[in-house]
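In case you want the letters, here they are:
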Amino acid sequence: MPGGNRPGVTVERQGTRHQSRVLAMQYLFECDVASHTLDEILERMVTDEDEPVLPQVAVHTKRLTTGVVAHLAEIDAVIGKAAPAFPVDQLASIDRNVLRIAIYELLYEHNVPQKAAINEAIEIAKHYGGPSSGKFINGVLGTIMRGLPERGDTPPQQTPEAVPDSTEDDAPPPTEAE
């Protein structure tokens, strides 16, 4: 396919990081709903000649997905603290995984501008999630950002305790049915 996109995926921007985030969300979604292992999915990404993925997209997608999985407990704790009224396991799978990727980037990918990670997450949620996904993602990530230092002051690893408690005006999360 032109640009290394997967069938059924409309990627309006052809940036490597954007494509990687979309694929990472899809792969983590597949892990959630189909119970495929991440190793199986990543192997298929690099070996499937019918659905080629550009090498630089594959590298970034693998870094995002393996990073999320490696830090899953910490990331889910951050989500739980930022949105305590919405248990992580009850969030729509798209929203849960968009949040996980964005939080991974905010906490561990120090070369990614914080606003870029948030804006990308919101756009992906709007495109692939339910009608209120973008607002929900924006509210949760905004809450998390208030507890993070500016990128120049970011320590090597941020802990879940740095996230402030949720505010009352967080938008409700979309459900799986949306």
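Refer to the structure presented above.
Everything numeric here is computed off the predicted structure, so don't read it as measured data.

Moving on to empty space enclosed by the protein. In the structure shown here, the tally under the stated rule is two cavities of 30 Å³ or more. In this structure, the largest cavity encloses a volume near 60 Å³. Lining the largest cavity, in full, are R21, M25, N97, V98, I101, A102, E105, A117, E120, A121 and I124. For the lining of the largest cavity, the secondary-structure elements that each account for two or more residues are helix 1 (16–34), helix 5 (93–108) and helix 6 (114–128).

This part takes up the environment of M145. For M145, the position within the fold is in helix 7 (residues 133–146). Between the C-alpha atoms of M145 and Q114, which are 31 residues apart in sequence, the distance is 8.2 Å.

Further remarks concern the packing of helix 1 against helix 5. Where helix 1 contacts helix 5, the two axes come as close as 9 Å, and the packing angle between them is 130°. Here helix 1 lies oblique to helix 5, going by the angle between them. Considering the relative orientation of helix 1 and helix 5, their crossing is right-handed. Counting all contacts with helix 1, which are made through R21, A24, M25, L28, F29, D32 and V33, the residues of helix 5 involved are S93, I94, R96, N97, V98, R100, I101 and E105.

Another aspect to go through is helix 6. Taking 1.5 Å per residue as the helical rise, helix 6 with its 15 residues ought to reach 21 Å, and the 21 Å between its terminal C-alpha atoms agrees with that figure. Of all the positions in helix 6, only Q114, A117, I118, E120, A121, I122, I124 and A125 are classed as buried. Looking at the buried positions of helix 6, the neighbouring elements they touch are helix 1, helix 5 and helix 7.

Right, let's get into the nonpolar core. Within the largest apolar cluster, 37 residues are counted, with the highest numbers of intra-cluster contacts made by V98, L99, I103, I137, L141 and I144. At the level of secondary structure, the elements contributing two or more residues to this core comprise helix 1, helix 3 (55–70), helix 4 (72–82), helix 5, helix 6 and helix 7. Setting aside its immediate chain neighbours within four residues, V98 contacts M25, A121, I124, A125 and I137. Of all hydrophobic cores here, the second largest spans ten residues; its members include Y27, C31, M45 and V53.

What counts and what doesn't
- Residues numbered from 1 in each chain as written.
- Predicted model: local features only at pLDDT ≥ 70, side-chain atom pairs only at ≥ 80, totals over all residues.
- Heavy atoms only, no water.
- 1 Å grid on protein atoms, 1.4 Å probe; cavity = no way out; pocket = protein on both sides within 12 Å on 5 of 7 lines; lining within 4 Å.
- Points joined across faces, edges and corners; volume = space filled by probe spheres on them.
- Helix = DSSP H or I, 4+ residues; strand = E, 2+ residues; numbered from the N terminus.
- Axes fitted to C-alpha atoms, helices over the stretch in contact; angles between N-to-C directions.
- Parallel < 35°, antiparallel > 145°, perpendicular 65-115°, else oblique.
- Left-handed = near helix turned anticlockwise from the far one by under 90°.
- Contact = heavy atoms within 4.5 Å.
- Expected span 1.5 Å × (residues − 1).
- Buried < 20%, exposed > 50% of the residue type's maximum accessible area, 1.4 Å probe, protein only.
- Core = buried A, V, L, I, M, F, W, Y, C linked by side-chain atoms within 4.5 Å.

The analysis is restricted to geometry; functional conclusions fall outside its scope.
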